[in-house]
Number of protein chains: 2
Amino acid sequence: MLETLGNKWVYLVVCALRRGRLRNGELARKLEGITPKMLTQTLRILERDGIVRREIFPVIPPRVEYELTELGQNLAGLLNQIRSWSEQHVPDIKDARARASMESQEDSVARG
Amino acid sequence: MLETLGNKWVYLVVCALRRGRLRNGELARKLEGITPKMLTQTLRILERDGIVRREIFPVIPPRVEYELTELGQNLAGLLNQIRSWSEQHVPDIKDARARASMESQEDSVARG
DNA sequence: CGGCATCCTAACGGATACTG
DNA sequence: CAGTATCCGTTAGGATGCCG
């Protein structure tokens, strides 16, 4: 589960689909920087896990739409919780990191 | 942030430290299967981010203890939320996966 | 006991080109 | 437009050995 959550694109795709169904190309544009391969791969994972539903329209040119399932929307809620926690505490983490790098600088100076 | 959460060992180390401070060796035994390298690496990340506090006792043989900071305990709370969400919904995901693999089997049969 | 340095491989993510 | 196949560089993670 954590593996899934930790996946960079999983988060972004779920967020992109929060406001409604989207076509493959629309997703590709929204997630600027994602390669077709990663997009498809991510969508396959999410589809397999019942988080995203895939609908194919048998027309030419091809048309495929993706949307969150109920489970997917539920997951989006969890991701929101994580996001709000982050907004609340990431400053602390940044402070800690800044302090940590300061100390290692001091160490260097002390040694030098 | 999600990268940190997605890290397998981060989760396990934080959980292991939930009930109190532990020595390096105790952690190594609790997290059966972790290599010394990964344990140290994980602890360094957590220490740098202000999630874990490291206390060194200048004795022989060396003694080092780790414990969660306030921020760390807070993070443990978030991990709990994630865990309870998982317990609630992972069965759904498993069902979805089982169904998905069933269908791919049917596909094979249909092709074969 | 705690921790670091080194080496190595397996896997992941990305770029590209191609198919229906 | 949607999706696949192939190649490749990077890197995460594991095994090993040495030091204070």
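Every chain is numbered on its own, with residues counted from 1 as its sequence reads. Chain letters and ligand numbers both follow the written order, the letters beginning at A and the numbers at 1. Under the rules for a predicted model, residues below a pLDDT of 70 receive no local features and side-chain atom pairs below 80 are neither given nor counted, while totals for whole chains, interfaces and linings still include all residues. To get the side-chain values, all heavy atoms of the structure are used, and hydrogens and water are removed first.

- An unreviewed UniProt entry annotates chain A as HxlR type helix-turn-helix-domain containing protein of Mesorhizobium amorphae CCNWGS0123.

1. Things to note about the sheet that holds strand β1 (residues 22-23) of chain A
All names here are of chain A.
And then number 1: One open sheet accounts for three strands, arranged β1-β3-β2; its pairing is antiparallel. The outermost strands of the open sheet, each flanked by one partner alone, are β1 and β2 (52-57).
And then number 2: Paired strands, as defined in this entry, are two strands with at least two bridges between them according to DSSP. Per the convention used, a helix needs a DSSP run of H or I reaching at least four residues, while a strand needs a run of E reaching at least two, with both numbered from the N terminus. Pairing analysis gives six bridges linking β2 to strand β3 (residues 63-68), with the strands arranged antiparallel. From the neighbouring strand, V52 faces β3, where its bridge partner is L68.

2. Comments concerning the protein's contact with DNA strand C
And then number 1: Being near a molecule or strand, for a residue, comes down to having at least one heavy atom within 4 Å of it. Around DNA strand C, the surrounding shell holds 17 residues, and the nearest of these are A:K37, B:N24, B:G25, B:R54 and B:Y66.
And then number 2: Within 4 Å of the protein, atoms of DNA strand C come from sugar and phosphate in 77% of cases.
And then number 3: In the model, a phosphate oxygen of DNA strand C is placed 3.4 Å from a nitrogen or oxygen of the B:R23 side chain.
And then number 4: Polar contacts here mean pairs of N or O atoms no more than 3.5 Å apart (in protein, one a potential hydrogen donor and the other a potential acceptor; neighbouring residues in sequence count only if both atoms are side-chain atoms). The contact in question runs from a phosphate oxygen of DNA strand C to an N or O atom on the side chain of B:R54, over 2.7 Å.
And then number 5: The set of elements that each furnish at least two residues to the surface near DNA strand C consists of α2 (8-16) and α4 (36-48) of chain A together with α3 (24-30), α4 (36-48) and β3 (63-68) of chain B.
And then number 6: With three residues, the top contributor of residues to the surface near DNA strand C is α4(A).
And then number 7: Here the term charged refers only to Asp, Glu, Lys and Arg, the term nonpolar to Ala, Val, Leu, Ile, Met, Phe, Trp, Tyr, Cys and Pro, and the term polar to all other amino acids, Gly among them. Looking at side-chain class alone, the surface near DNA strand C contains seven nonpolar, five polar and five charged residues.

3. Brief notes about the packing of aromatic side chains
And then number 1: Only rings of Phe, Tyr and Trp enter the pairing, Trp through its six-membered ring, and a pair is recorded when the two centres are within 6.5 Å. The plane angle decides the type: under 30 degrees is stacked, over 60 is edge-to-face, the rest tilted. In this structure the tally under the stated criterion is zero aromatic pairs over all chains.
And then number 2: Taking the ring centre of A:F57 as reference, the NZ or CZ of A:R63 above it sits at 5.7 Å. Lysine and arginine charges are scored as sitting over a ring when NZ or CZ, respectively, is within 6 Å of the ring centre and within 35 degrees of the ring normal.

4. Here's the deal with the protein's contact with DNA strand D
And then number 1: Around DNA strand D sit 16 residues in total, of which A:N24, A:G25, A:R54, A:Y66 and B:K37 are the nearest.
And then number 2: Within the side chain of A:Y66, one N or O atom sits 3.0 Å away from a phosphate oxygen of DNA strand D.
And then number 3: Elements with a contribution of two residues or more to the surface near DNA strand D: α3 (24-30), α4 and β3 of chain A together with α4 of chain B.
And then number 4: When residues in the surface near DNA strand D are grouped by element, the largest group, three residues, is from α4(A).
And then number 5: Residue classes in the surface near DNA strand D are distributed as seven nonpolar, four polar and five charged.

5. A closer look at the interface of chain B and chain A
And then number 1: Only heavy atoms matter for contacts: two residues are in contact if any of them lie within 4.5 Å across the pair. Chain B puts 24 residues into the contact, and the matching count from chain A is 24 residues.
And then number 2: The term buried area denotes the loss of accessible surface (1.4 Å probe radius) that occurs when two parts are joined, taken as the sum for both partners. Of the roughly 2300 Å² buried between chain B and chain A, counting both surfaces, carbon and sulfur atoms make up 73%.
And then number 3: Three residues, B:L2, B:R48 and B:W85, lead the burial of chain B against chain A; their summed loss comes to 26% of the area buried on that side.
And then number 4: Take a side-chain nitrogen of Lys or Arg and a carboxyl oxygen of Asp or Glu: if they are within 4 Å of each other, that pair is a salt bridge. Summed over the shared surface of chain B and chain A, the result is two salt bridges.
And then number 5: The partner of B:D49 in a salt bridge is A:R97, and the shortest N-O contact between them spans 2.6 Å.
And then number 6: The tally of links from chain B across to chain A stands at eight residue pairs in polar contact (both at pLDDT 80 or more).
And then number 7: Secondary structure elements with two or more residues in the side of chain B that touches chain A: α1 (2-6) and α5 (70-111) of chain B.
And then number 8: Top contributing element to the side of chain B that touches chain A by residue count: α5(B), with 15 residues.
And then number 9: Residue composition of the side of chain B that touches chain A, grouped by class: 13 nonpolar, seven polar and four charged.

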